[in-house]
Amino acid sequence: MRETVYNRIALLRAERNVTRRQLADALGVHYQTVGYLERGEYSPSLFLALRIAEYFEVPVEVVFSTSPFPRIGERYA
């Protein structure tokens, strides 16, 4: 069983007009790492997940979830 971590990094970046490179520089990671995270190809360490949430100034649950986020405009079930 593959453990999948869903995220809203791309959405948060778009809302704040932040590039992958800008986010990567702020976090001290390679910009490709941000792409891997956004596509779900890489699950962040707890430390990195917390740093990402801190960067966007939101709780970590707003950025990451173990179940898919509802699409924009859909309601939570």
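Every value quoted in this text rests on a predicted model; they were computed, and no experiment measured them.

Calculation notes
Residues numbered from 1 in each chain as written. Predicted model: local features only at pLDDT ≥ 70, side-chain atom pairs only at ≥ 80, totals over all residues. Heavy atoms only, no water. Buried < 20%, exposed > 50% of the residue type's maximum accessible area, 1.4 Å probe, protein only. Helix = DSSP H or I, 4+ residues; strand = E, 2+ residues; numbered from the N terminus. Contact = heavy atoms within 4.5 Å. Phe/Tyr/Trp six-rings, centres within 6.5 Å; stacked < 30°, edge-to-face > 60°. Lys NZ or Arg CZ within 6 Å of the ring centre and 35° of its normal. Salt bridge = Lys/Arg side-chain N within 4 Å of Asp/Glu carboxyl O. Arc of directions from axis to C-beta.

Details of helix α3 (residues 31-38)
Item 1. Of all the positions in α3, only Thr33, Val34, Gly35, Leu37 and Glu38 are classed as buried.
Item 2. Of the surrounding elements, those touching the buried residues of α3 are β1 (6-7), α1 (9-16), α2 (20-27) and α4 (46-56).
Item 3. Looking one or two residues beyond α3, the residue adopting positive phi is Gly40, at roughly 75°.

Focus on the packing of aromatic side chains
Item 1. By the definition in use, this model includes one aromatic pair.
Item 2. Judged by centre distance (5.0 Å) and plane angle (85°), the rings of Tyr55 and Phe56 are edge-to-face.
Item 3. We classify Tyr55 as partly exposed; its relative accessible area is 32%.
Item 4. Above the ring of Tyr31, the side-chain terminus of Arg21 is found at 4.1 Å from the ring centroid.

Examining the pattern of salt bridges
Item 1. This structure, assessed with the given rule, holds four salt bridges.
Item 2. With a closest N to O distance of 3.3 Å, Glu15 and Arg16 form a salt bridge.
Item 3. On the basis of relative accessible area, Glu15 is assigned to the exposed category, the value being 55%.
Item 4. Across the salt bridge formed by Arg39 and Glu41, the nearest N and O atoms sit 3.0 Å from each other.
Item 5. Its relative accessible area of 45% is what places Arg39 among the partly exposed residues.

Side note on α4
Item 1. Buried within α4 we find Leu48, Ala49, Ile52, Ala53 and Phe56. One face of α4 carries all of its buried residues, which in axial projection span an arc of 135°. Those residues of α4 that are exposed and angled more than 90 degrees off the buried face are Leu46, Phe47 and Glu54.
Item 2. Looking at the packing, one finds that the buried side of α4 touches α1, α2, α3, α5 (60-63) and β2 (64-65).
Item 3. Immediately beyond the C-terminal end of α4, within one or two residues, lies Glu57, with a positive phi of roughly 60°.

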